[in-house]
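Chains, contacts and geometry: an overview
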Number of protein chains: 2
Amino acid sequence: MEEQKAEYRVDYYLTAAECDAQQEMSLPLLTQRLIDIATAHADALGVGYDYLIKENNAWVLSRLSIELQRFPSIDTAYSLITWVEELNRHYSERIVEIRDGSDEVIGYARLTWVAIHIATRRPADLSAMLEKITPSERRCPIERHPRMGKIGEADMVTTYRFKYSDIDFNRHVNSTRYVQLILDRWGLDFFDRHRVSRFDISYHAEALFGETVEVRSVGDENTQDVEIVRDGAVCTRARIKFNRRS
Amino acid sequence: MEEQKAEYRVDYYLTAAECDAQQEMSLPLLTQRLIDIATAHADALGVGYDYLIKENNAWVLSRLSIELQRFPSIDTAYSLITWVEELNRHYSERIVEIRDGSDEVIGYARLTWVAIHIATRRPADLSAMLEKITPSERRCPIERHPRMGKIGEADMVTTYRFKYSDIDFNRHVNSTRYVQLILDRWGLDFFDRHRVSRFDISYHAEALFGETVEVRSVGDENTQDVEIVRDGAVCTRARIKFNRRS
């Protein structure tokens, strides 16, 4: 049996074509890389897709928090290092440390995963997984996911209809697309003056191809609360904190 | 001096989070990878960004043709192998061979690059580059880029306004976003029944953040001609050929 790696590392290179207008890694791309490395590590630990599907269950990302001092910049290397911080019958909490090309830590992400039955969409019990995985003692220094309630009256409301390229291999809206939809509320000049310092998102209901959602937001130039709502049901809630660029 | 590699290869892995609803590599992602490998090879040959910017010039993708028997599928390796097929004072033509995880060739791409002056946007002369690069004798088997004229009266016209996440590190609309905008004209069920077998796109004028374009298309279930137009000026023209999935 292959030795289980409690920590799992992947090295990447940020190409020019992957960058945003500020010549940095975009938040949607980082979100995708976080999901990628979580998936790869779960596979390596023997608790990935192949393991869960035997009981007709699948992993679903429930909450994600990202906090970065700075984003990887154009034409540089960066690395992700991940470990399981907590595992119980209800969820698995995974940390990802983000390092720049000099191997200096520039931020962390915390991902909460649940397993659901692919037909009933009911939560699955993860207890059996405790025999296979021992969570790490290593703690993540960033604050836990905040409790985000209804945002009430919004400052800004836009609508969007999901298209072919928004849909993932499970035929739901891709988790990274919600992130994009949220960031697209602000213009280039806003991102020239501000950068995201913290991003929290929780996924509630899964949207599908052709569905129309309302994107509602409220806040100021430091903090914005956003919800994506379909027929009155919340699909995702998010909170973004911005720092002024110097 | 480092030995120049006339052929340049990069191996990739297609993660689940990167796939489309048909559990395959999407055309926008393939486009980005083609641009990535072209950029990396040009850098390795000493004719990349750093070389051109000395004369205030930069590479711009002018035309792209892609022809694939099938797309890389979910959770599999794939490789790209590239070489310069032609170089003259006006443009450089580069080929990319696409292989699946068994190293079997599944398609080709042909990319035509020009250099333009970053301030005047006028074409630059590539003659000096001929001392640095000898084009390969190896020929690409797919047909050359077609001449695409005005599409005339369109079957379908939609409008789109470019947002933050559409903009690239040069602060123009990202070349891959036009591809996405074009594919998003059709629904999931269409892509369940058809796959793209050939895609040709030519880039004419660069669109910017906040600009609104018309996407106009005409054709049938085998071939669609599309143009993206801003205030009557064509930004891109494309032709897509579809095969019925068996």
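Residues numbered from 1 in each chain as written. Chains lettered and ligands numbered in written order. Predicted model: local features only at pLDDT ≥ 70, side-chain atom pairs only at ≥ 80, totals over all residues. Heavy atoms only, no water.

**Quick word on the sheet that holds strand β6 (residues 156–161) of chain B**
All names here are of chain B.
- Sheet architecture is open: 10 strands sit in the order β1-β3-β4-β5-β2-β7-β10-β9-β8-β6, paired in antiparallel fashion. On the outer flanks of this sheet lie β1 (8–14) and β6, each paired with one strand and no other. The sheet shows a mean angle of 25° between the axes of neighbouring strands, taken without regard to direction.
- With seven bridges connecting them, β1 and strand β3 (residues 76–87) associate as antiparallel partners. Of the residues in β3, the one forming a bridge with Asp11 is Ser79.
- In the packing of helix α3 (residues 175–183) onto the sheet, contacts are made with β6, β7 (194–203), β8 (212–219), β9 (223–230) and β10 (233–244), and the angle to β7 comes to roughly 135°. (Pairing = 2+ DSSP bridges. Helix = DSSP H or I, 4+ residues; strand = E, 2+ residues; numbered from the N terminus. Axes fitted to C-alpha atoms, helices over the stretch in contact; angles between N-to-C directions. Contact = heavy atoms within 4.5 Å.)

**Brief notes about α3 of chain B**
- Burial runs high along α3 of chain B: nine of the nine residues are buried.
- Listing the buried residues of α3 of chain B in full gives Ser175, Thr176, Arg177, Tyr178, Val179, Gln180, Leu181, Ile182 and Leu183 of chain B. (Buried < 20%, exposed > 50% of the residue type's maximum accessible area, 1.4 Å probe, protein only.)

**Side note on the confidence of the model for chain A**
- The predicted model of chain A has a mean per-residue pLDDT of 95, with 98% of residues at 70 or higher.
- Per the prediction output, this complex has pTM 0.93; the corresponding ipTM is 0.93. (pLDDT = per-residue confidence, 0-100.)

**Here we look at the relation of the copies chain B and chain A**
- For the pair chain B and chain A, the superposition axis carries a translation of 0.0 Å, the fit reaches an RMSD of 0.0 Å, and the rotation angle comes to 180°. Such a combination of turn and shift is consistent with a two-fold rotation axis.
- Both copies contact each other with a shared surface, as 100% of the interface residues of chain B are interface residues in chain A too. (Least-squares fit on C-alpha atoms with pLDDT ≥ 70 in both.)

**A look at the sheet that holds strand β9 (residues 223–230) of chain A**
All names here are of chain A.
- As summarised here, the arrangement of the 10 strands in space is β1-β3-β4-β5-β2-β7-β10-β9-β8-β6, forming an open sheet in which the pairing is antiparallel. Two strands lie at the open edges of the sheet, namely β1 (8–14) and β6 (156–161), each paired on one side alone. Averaged over all pairs of adjacent strands, the angle between their axes in this sheet comes to 25°, without regard to strand direction.
- Of the strand pairs in this sheet, β9 and strand β10 (residues 233–244) are connected by eight bridges, and their pairing is antiparallel. Looking at the pairing, Val226 lines up with Ala238 of β10.
- Each of β6, β7 (194–203), β8 (212–219), β9 and β10 is contacted by helix α3 (residues 175–183), which is oriented at about 135° to β7, the strand it contacts most.

**A closer look at the nonpolar core**
- Phe199 of chain A together with Phe199 of chain B are the most contacted members of the largest nonpolar core, which totals 110 residues.
- Apart from the residues lying within four places of it in its own chain, the contact partners of Phe199 of chain B are Leu27, Leu64, Ser65, Ile66, Val179, Ile182, Ala238, Arg239 and Ile240 of chain B. (Core = buried A, V, L, I, M, F, W, Y, C linked by side-chain atoms within 4.5 Å.)

**Observations regarding the pairing of strand β5 (residues 105–117) of chain B**
Residue and element names in this part refer to chain B.
- Of all 13 residues in β5, 10 are buried; the element is thus mostly enclosed.
- As paired strands, strand β4 (residues 92–100) and β5 are joined by eight bridges and run antiparallel to one another. Within β5, the residue paired with Ile95 across the bridge is Arg110.

**Some words on the packing of aromatic side chains**
- The full count for this structure, using the stated rule, is 20 aromatic pairs over all chains.
- Judged by centre distance (5.1 Å) and plane angle (15°), the rings of Tyr12 of chain B and Tyr78 of chain B are stacked. Of the two residues, Tyr12 of chain B sits in strand β1 while Tyr78 of chain B sits in strand β3, which places them 66 residues apart along the sequence.
- Here the aromatic residues Tyr164 of chain A together with Trp186, Phe190, Phe191 and Phe242 of chain B are joined through ring pairs into a cluster of three or more. (Phe/Tyr/Trp six-rings, centres within 6.5 Å; stacked < 30°, edge-to-face > 60°.)

**Some thoughts on the packing of helix α1 (residues 27–44) of chain A against α3 of chain A**
Residues and elements named next belong to chain A.
- The N-to-C vectors of α1 and α3 enclose an angle of 160°; their axes lie 8 Å apart at closest approach. Looking at the two axes, α1 sits roughly antiparallel to α3. In this structure, α1 meets α3 at a crossing whose hand is right-handed. Packed against α1, whose contacting residues are Leu27, Pro28, Thr31, Gln32 and Ile35, the element α3 presents Ser175, Thr176, Val179, Gln180 and Leu183 at the interface.
- Partitioned by chemical class, the residues of the contact of α1 with α3 number five nonpolar, five polar and no charged. (Parallel < 35°, antiparallel > 145°, perpendicular 65-115°, else oblique. Left-handed = near helix turned anticlockwise from the far one by under 90°. Nonpolar A, V, L, I, M, F, W, Y, C, P; charged D, E, K, R; others polar.)

**Here we look at unusual backbone geometry**
Residues and elements named next belong to chain B.
- Its identity as a non-glycine residue notwithstanding, Arg121 has a phi of 60°, on the positive side.
- Examined against the element boundaries, Arg121 turns out to sit in the loop between β5 and β6.
- Its identity as a non-glycine residue notwithstanding, Asp231 has a phi of 50°, on the positive side.
- Assignment of secondary structure puts Asp231 in the loop between β9 and β10.
- Note on Asp231: relative accessible area 78%, which makes it exposed.

**Brief notes about empty space enclosed by the protein**
- For the structure on display, the rule yields three cavities of 30 Å³ or more.
- In this structure, the largest cavity spans a volume of roughly 720 Å³.
- In terms of lining, the largest cavity is formed by 32 residues, of which the most central are Gln32 and Arg177 of chain A together with Gln32, Arg177 and Gln180 of chain B.
- Of all elements in the fold, only α1 and α3 of chain A together with α1 (27–44) and α3 of chain B reach the threshold of two or more residues within the lining of the largest cavity.
- Of the residues contributing to the lining of the largest cavity, the split by class is 12 nonpolar, 12 polar and eight charged. (1 Å grid on protein atoms, 1.4 Å probe; cavity = no way out; pocket = protein on both sides within 12 Å on 5 of 7 lines; lining within 4 Å. Points joined across faces, edges and corners; volume = space filled by probe spheres on them.)

**Some points on the interface of chain B and chain A**
- Counting from both sides, the interface comprises 32 residues of chain B and, opposite them, 32 residues of chain A.
- Summed over both sides, the interface between chain B and chain A buries roughly 3,000 Å², with carbon and sulfur atoms accounting for 54% of that surface.
- Joining chain B to chain A, the criterion identifies four salt bridges.
- Its salt-bridge partner being Asp192 of chain B, residue Arg171 of chain A comes within 2.6 Å of it at the nearest N-O pair.
- In this structure, the connection of chain B to chain A is made through 17 residue pairs in polar contact (both at pLDDT 80 or more). (Buried area = accessible area lost by both parts, 1.4 Å probe. Salt bridge = Lys/Arg side-chain N within 4 Å of Asp/Glu carboxyl O. Polar contact = N/O pair within 3.5 Å; in protein donor to acceptor, adjacent residues only side chain to side chain.)

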